[in-house]
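Descriptive analysis of the structure
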Amino acid sequence: MNKDNTKGNAIVDKHDETRKRLVFKLLPYVRKNGIQSLRMDEIAKMMEVSRATLYKYFSTKEEIMGYVVNSFVEYINEMMEDSLDTDQRFGLRFQQLFEQSVLSVVYITEVFVKELENSYPEHFDRLQEAMKQREQQVLAFYEEGIAKGIFHEVNPKLLIRQDELLRSLLEVKYLMENQVTVSQVLHDYYTLKKVQLFTQEKMNAVDDTLIAAKIEHLAHKIAKNLY
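Quick caveat: nothing in here was measured; it's all calculated off a predicted structure. (Residues numbered from 1 in each chain as written. Predicted model: local features only at pLDDT ≥ 70, side-chain atom pairs only at ≥ 80, totals over all residues. Heavy atoms only, no water.)

Right, let's get into the overall build of the protein chain. Across its full length, the protein chain holds 12 helices and 0 strands. Reading the protein chain from its N terminus to its C terminus gives the helix and strand order α-α-α-α-α-α-α-α-α-α-α-α. In terms of its C-alpha atoms, the protein chain occupies a principal-axis envelope of roughly 60 × 55 × 30 Å. A buried classification covers 42% of the 227 residues belonging to the protein chain. Sequence separation of 24 or more characterises 67% of the internal contacts of the protein chain that already satisfy a separation of 6 or more. Carbon together with sulfur atoms contributes 52% to the accessible area of the protein chain, which is approximately 13100 Å² in total. (Helix = DSSP H or I, 4+ residues; strand = E, 2+ residues; numbered from the N terminus. Buried < 20%, exposed > 50% of the residue type's maximum accessible area, 1.4 Å probe, protein only. Contact = heavy atoms within 4.5 Å. Areas by Shrake-Rupley, 256 points an atom, 1.4 Å probe, with all protein chains shown as cover.)

According to the stated counting rule, one finds 12 salt bridges in the structure shown. Between Glu 99 and Lys 214 there is a salt bridge, and its shortest N-O distance comes to 3.6 Å. One end of the pair, Glu 99, is in helix 5 (residues 87-107); the other, Lys 214, is in helix 12 (residues 209-226), with 115 residues separating them in the sequence. For Lys 214, a relative accessible area of 39% translates into the label partly exposed. Two residues, Asp 163 and Lys 193, come together in a salt bridge whose shortest N-O distance is 3.2 Å. Placement of the pair is Asp 163 in the loop between helix 8 (156-162) and helix 9 (165-169) and Lys 193 in helix 11 (residues 182-197), with a sequence separation of 30 residues. Given the relative accessible area of 4%, Lys 193 is considered buried. Connected through shared salt-bridge partners, Arg 39, Asp 41 and Glu 42 make up one network. (Salt bridge = Lys/Arg side-chain N within 4 Å of Asp/Glu carboxyl O.)

Every buried residue of helix 6 (residues 110-119) is listed here: Phe 112, Val 113, Glu 115 and Leu 116. The arc that holds every buried residue of helix 6, seen down its axis, measures 160°, which confines them to one face. Residues Glu 110 and Asn 118 are exposed on helix 6 and point more than 90 degrees away from its buried face. (Arc of directions from axis to C-beta.)

This next bit is on empty space enclosed by the protein. Applying the stated rule across the entire model yields 1 cavity of 30 Å³ or more. The calculated volume of the largest cavity comes to roughly 100 Å³. Forming the walls of the largest cavity are 13 residues, and the residues nearest its centre are Leu 97, Phe 98, Ser 101, Tyr 142 and Lys 193. Residue composition of the lining of the largest cavity, grouped by class: 9 nonpolar, 1 polar and 3 charged. (1 Å grid on protein atoms, 1.4 Å probe; cavity = no way out; pocket = protein on both sides within 12 Å on 5 of 7 lines; lining within 4 Å. Points joined across faces, edges and corners; volume = space filled by probe spheres on them. Nonpolar A, V, L, I, M, F, W, Y, C, P; charged D, E, K, R; others polar.)

Here it is in structure tokens:
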């Protein structure tokens, strides 16, 4: 690769990194309130940049939403593609899906999805398609685990629908009324999913030391955006 190409790629990478950083600052508001009611100068203020700087990276609100959706779609598609040839692989995939499910319900909120459907239908369709494909992958994963005797014989579709409970469990009202922390909710939900899925004989396929730090990181990130 010549020096010009290397320099060009570095510029593109830096530009995208800045876009990602700016959007990340906006996400806590968008997940709760959407973006339609905001003016571009208000968005710039939330991103902690001038309006002129904002326009260097995003020209419209639709472009911002498109970038957000692209990021979500890329994350949703981050599934292991290698074959599940050991029990430990099922344990690792289970933990990856747990982390993905938590972040999905936290950031892909009903408010966000409804606004996409009403104001940005093309982005809505892309997100919906990615979520449908993920559901098919998760179903296949559960069915494979059941067939190999690693998972209990439970209805995989019910397990997927169960993840929607996380939305209400991670609401401020629920946490305060039940005097529990985000960390406690995530730890308990993780344990519940693990016990529901893995047979007693295959429970050692799950290495909980690999997920403990991630749960605390997730809890910190979620709690920071709740209040």
